[in-house]
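# Structural overview for review
Each chain is listed here by its residues.
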Amino acid sequence: MSAPIVVSAPGKALLAGGYLVLDPAYSGLVVSVSSRFYTVIRDGDPSVCPNEICVRSPQFIDSTWKYTVTLENDGVLVSESQRSSSNRNRFVHCALQLTLKLVSEWNPKELTCLLSRGLDIAAVGDNDFYTQKREPGEPCPSIASLSEMPPFCPLNVTLSDVQKTGMGSSAALITSIVSALLLKFGVISKEGFARRDGSDRVLAHNTAQLVHCLAQGKVGSGFDVSAAVFGSHIYTRFDPKILAPLMDATEDFSNFARIPLRPVLDPSAAVGQDKPIWNSGVIPFQLPPLVRLVLADVAGGSSTPSLVRKVNEWRSKNLQDGTIPTSHLDAVHHSFFLANQLWTSIDLSNKSMMAGFRELSSLYMSDTEAYEAAVHSLTFLPPSQWAEVGTSGIQRTVIQAFYGVHQAGQVTRNLMRKMGENAGVHIEPPTQTQLLNESIAQAGVITGGVPGAGGDDAIWVLVLESKEAPEAPLHRIEQVWREFKQRRVTPLLATQSMEIGTRIEELASICGLERAIMTEDYATMSSAKLL
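Given the structure is predicted, the values throughout are model-derived calculations rather than measurements. (Residues numbered from 1 in each chain as written. Predicted model: local features only at pLDDT ≥ 70, side-chain atom pairs only at ≥ 80, totals over all residues. Heavy atoms only, no water.)

### With respect to the overall build of the chain
Condition: A run of H or I in DSSP counts as a helix once it spans at least four residues, and a run of E counts as a strand once it spans at least two, with each numbered from the N terminus. C-alpha atoms define the radius of gyration, and 2.2 Å times the number of residues to the power 0.38 defines the globule rule. Think of it in three bands: with a 1.4 Å probe and only protein chains considered, a residue is buried below 20% of the maximum accessible area for its type, exposed above 50%, and partly exposed in between. Throughout, a residue-residue contact means that at least one pair of heavy atoms, one from each residue, lies within 4.5 Å. Accessible surface area values rest on a Shrake-Rupley calculation with a 1.4 Å probe, where residue burial reflects the displayed protein chains alone. His is not counted, nor are the chain ends, whereas Lys and Arg count as positive and Asp and Glu as negative. To locate a charge, the coordinates of NZ of Lys, CZ of Arg, CG of Asp or CD of Glu are taken.
When helices and strands are counted, the chain shows 16 helices and 13 strands. Compactness check: the chain gives a C-alpha radius of gyration of 24 Å against a globular reference of 24 Å for 531 residues, within 12% of the reference. Taking the principal axes of the C-alpha coordinates as reference, the chain spans close to 75 × 60 × 45 Å. With 531 residues in all, the chain has 56% of them scored as buried. Excluding contacts between residues fewer than 6 apart, the proportion of contacts in the chain whose partners are at least 24 apart in sequence is 76%. Accessible surface computed for the chain: about 21700 Å², of which carbon and sulfur atoms make up 50%. On the chain, the mean spot of the 45 positive side-chain charges and the mean spot of the 53 negative ones are 3 Å from each other.

Structure follows, in structure tokens:
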């Protein structure tokens with residue numbers, strides 16, 4: 001039996017560019033987070049038949065899916081077994097069908113050989129991807145108490161009943177499964193996959209994008225898959241026309257048994273005169289030093305597809321050009337915008353925030369001591385007082401840059417609320433506005449917002465981490481969240497990931513992973529027994 005293939009992919013938070021990233025004319029800032037999804041592929045045990053694939057999600061009840069792979073000439077068809085038909089998982093089925101079809105075009109002999117043993121695939125996610133249940137009267141958990149929970153907590157519910165925290169679990173799942181399969185069948189190598197801009201990683205990205213789009217039934221923006229593959233970056237959407245022929249094929253998986261995928265997905269494939277290319281933009285990004293991303297699960301509940309549909313409908317009806325405000329600050333005071341004006345104003349504000357981040361990183365490199373002194377002074381002041389701090393030189397420049405990021409963040413929030421008002425939806429609902437206003441008013445807090453499409457699901461804030469008092473702003477934020485009455489606000493452990501994105505792991509090196517995938521009836525176990 002060969003060694004297991006273990007691949008992990010991170011979740012994400014879109015800090016800037018919500019709705020705008022659907023248009024290739026605009027970019028968004030997506031941060032990959034430290035919470036990850038893990039896929040483990042092993043040769044099948046004796047209970048797995050040849051050409052059979054068993055996929056398990058052991059954190060959930062009734063979450064085992066079995067598939068049979070049929071190989072005929074140049075065709076590959078992945079079929080659900082009757083035992084799985086009552087509990088279908090379209091994301092997993094799409095990942096298997098499309099990835100194995102691609103493998104057959106690349107390495108058909110290896111496909112036949114390895115499938116003869118059957119495959120066992122297990123997928124688990126870090127705790128932050130799911131709202132953790134609390135008993136009645138149990139206090140809201142803190143970051144400190146969450147860090148003491150066992151990894152990969154059993155959830156004791158079915159997959160359809162779990163409440164997610166909006167960190168891109170489906171994109172991380174798909175990316176880890178696709179990448180692990182491509183590695184297992186030798187389509188990509190460990191060495192090639194380790195390179196950020198290498199063709200192996202790009203192939204995994206392209207395949208995961210297709211799988212995710214097909215599973216969702218539409219070509220989305222793709223930033224969540226892109227973050228899962230490449231890590232934190234400034235993202236520009238690829239031309240959706242490149243996937244149109246495959247999306248238009250049919251929803252019947254049998255038609256994908258023989259459709260060539262390599263000409264569309266292989267970054268090395270010849271480009272025809274009329275063929276669209278994978279032209280997404282990925283500019284690597286990191287938050288400035290001594291800045292921490294903090295996320296919270298608000299558990300209010302929103303439908304992202306419904307929000308996006310209504311915003312897109314409003315925009316399509318209001319695309320006329322008009323006089324663009326002279327600055328993104330002036331735009332806040334307009335009661336109504338035509339869509340192009342509003343999108344341009346939001347883009348200006350987003351770019352201002354990104355430019356501020358870049359300036360701060362540069363200032364840290366040029367004078368680390370002055371930068372750290374400025375961060376320390378701001379740690380004990382609310383941002384409303386930052387402009388009044390009496391310093392000079394580089395330290396003053398650092399403070400001004402942080403205050404500029406704060407202002408840009410506030411402007412973007414105002415404009416996004418205006419977008420929601422025009423479209424008749426709550427992108428930043430009133431309760432979220434109150435929560436964010438109270439959070440951002442705390443000493444040492446830079447800015448914040450609702451991630452991605454917004455709604456009632458989550459918030460993000462950026463706090464300072466002074467070397468002398470690294471957790472002071474974080475504790476203030478947690479107190480605000482504990483005392484907030486309108487919603488149950490739960491902090492998440494996730495911070496910005498400094499990793500490349502999707503990565504190859506060693507099973508024994510990930511705490512709790514082997515236990516999660518090997519323990520029978522794991523989903524119903526008590527978390528206390530895992531400590």
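### A few points about the environment of Asp126
Condition: Polar contact is defined as a pair of N or O atoms within 3.5 Å, subject to the rule that within protein one atom must be able to donate a hydrogen and the other to accept it, and that residues adjacent in sequence are counted only when both atoms are side-chain atoms.
Position of Asp126 relative to the elements: it lies in the loop between strand 6 (119-125) and helix 3 (143-146). On the basis of relative accessible area, Asp126 is assigned to the buried category, the value being 16%. In sequence terms Asp126 and Val375 are 249 residues apart; their C-alpha atoms lie 31 Å from each other. Setting aside residues no more than four positions away along its own chain, Asp126 makes contact with Ser34, Ser35, Arg36, Tyr38 and Phe152. Within polar-contact distance, the side chain of Asp126 engages the backbone nitrogen of Arg36 at 2.7 Å.

### Some details on helix 6 (residues 199-216)
The condition that has to hold: To estimate how far a helix should extend, the number of its residues minus one is multiplied by 1.5 Å.
Between its first and last C-alpha, helix 6 extends 26 Å over 18 residues, near the 26 Å set by a 1.5 Å rise per residue. Most of helix 6 sits out of view: 15 of its 18 residues are buried. One or two positions beyond helix 6, positive phi appears at Gly217, with a value near 80°.

### Section: the environment of Gly198
Mapped onto the secondary structure, Gly198 falls in the loop between helix 5 (190-193) and helix 6. You can call Gly198 buried: its relative accessible area is 8%. Here the alpha-carbon distance between Gly198 and Gly512, two residues 314 residues apart in the chain, equals 31 Å.

### Let's talk about the sheet that holds strand 9 (residues 291-297)
For clarity, the cut-off: For two strands to be treated as a pair, DSSP must find no fewer than two bridges joining them.
Reading across the sheet, the four strands line up as 10-11-9-12 and stay open at both edges, with antiparallel pairing between neighbours. In the strand order of this sheet, the two ends are held by strand 10 (445-449) and strand 12 (490-491), each with one partner. As paired elements, strand 10 and strand 11 (residues 458-464) share four bridges and run antiparallel to each other. Residue pairing for strand 11: Thr447 is matched across the bridge by Leu462.

### Re empty space enclosed by the protein
Under the convention used in this document: Each cavity reported here is a set of points on a 1 Å grid over the protein atoms alone in which a 1.4 Å probe fits but cannot get out, each pocket an open set with protein on both sides within 12 Å along at least five of seven lines, and each lining residue one with an atom within 4 Å of a point. Grid points are joined across faces, edges and corners, and a volume is the space filled by probe spheres set on the points. Residues are grouped as follows: nonpolar covers Ala, Val, Leu, Ile, Met, Phe, Trp, Tyr, Cys and Pro; charged covers Asp, Glu, Lys and Arg; every other residue, Gly included, is treated as polar.
For the structure shown, the criterion picks out four cavities of 30 Å³ or more. Forming the boundary of the largest cavity are 19 residues, of which Leu15, Thr412, Met416, Val450 and Trp460 lie nearest the centre. Looking at the lining of the largest cavity element by element, the count peaks at four residues for helix 13 (residues 393-423). When its residues are assigned to classes, the lining of the largest cavity shows nine nonpolar, eight polar and two charged. Reported here for the second largest cavity is a volume of approximately 140 Å³. Lining the second largest cavity are 16 residues; nearest its centre among them are Tyr130, Gln132, Leu146, Thr490 and Leu492.

### Thoughts on the packing of helix 1 (residues 90-106) against helix 4 (residues 169-184)
A pair of packed helices can be characterised by two numbers: the angle between their axes and the separation between those axes. Note the cut-off: Axis definition: a line fitted to C-alpha atoms, over the contacting stretch in the case of helices. Angles run 0 to 180 degrees between N-to-C directions. Put simply, angles under 35 degrees are roughly parallel, angles over 145 are roughly antiparallel, angles from 65 to 115 are roughly perpendicular, and the rest are oblique. Take the far helix as the reference: if the near one is turned anticlockwise from it by less than a right angle, the crossing is left-handed, and if turned clockwise, right-handed.
At a closest axis distance of 10 Å, the pairing of helix 1 and helix 4 adopts a crossing angle of 30°. Taken together, the axis directions place helix 1 and helix 4 in an arrangement best described as roughly parallel. Classified by chirality, the crossing of helix 4 by helix 1 is right-handed. Contacts from Phe91, Val92, Ala95, Leu96, Thr99, Leu102 and Val103 in helix 1 reach Ser170, Ile174, Ile177, Val178, Leu181 and Leu182 in helix 4. Per-class residue counts for the contact of helix 1 with helix 4 are 11 nonpolar, two polar and no charged.

### A short note on the packing of aromatic side chains
Any two aromatic rings considered together are summarised by their centre-to-centre distance and by the angle between their planes. Just so we agree on the cut-off: Each Phe, Tyr or Trp ring, with Trp reduced to its six-membered ring, pairs with another whose centre is within 6.5 Å; inter-plane angles below 30 degrees give stacked pairs, above 60 give edge-to-face pairs, and intermediate values give tilted ones.
All told, the structure shown has eight aromatic pairs when counted by the stated rule. Considering the side-chain rings of Phe238 and Trp278, the 5.0 Å spacing of their centres and the 50° angle between planes classify their relative orientation as tilted. Here Phe238 is found in the loop between strand 7 (233-236) and helix 8 (244-247), whereas its partner Trp278 is found in the loop between helix 9 (262-265) and strand 8 (281-284), with 40 residues between them in sequence. In terms of burial, Phe238 and Trp278 fall into one category: buried. Between Trp314 and Trp343 the ring centres are 6.2 Å apart and the planes differ by 25°, which places this aromatic pair in the stacked class. Pair noted here: Trp314 is in helix 10 (residues 304-317) and Trp343 is in helix 11 (residues 339-366), with a separation of 29 residues, a long-range link.

### Regarding the side chain of Arg396
Stated precisely, the cut-off is as follows: Only one rule defines a salt bridge in this text: a Lys or Arg side-chain nitrogen within 4 Å of an Asp or Glu carboxyl oxygen.
Summarising the element assignment, Arg396 is placed in helix 13. Buried Arg396, no salt bridge; nearest opposite-charge side chain is Glu388, N-O distance 9.3 Å. In this structure the side chain of Arg396 is engaged in a polar contact, spanning 3.1 Å, whose partner is the backbone oxygen of Ala387. In this structure, Arg396 is in contact with Trp386, Ala387, Val389 and Thr391, ignoring residues within four places of it in sequence.

None of this, on its own, says anything about what the molecule does.
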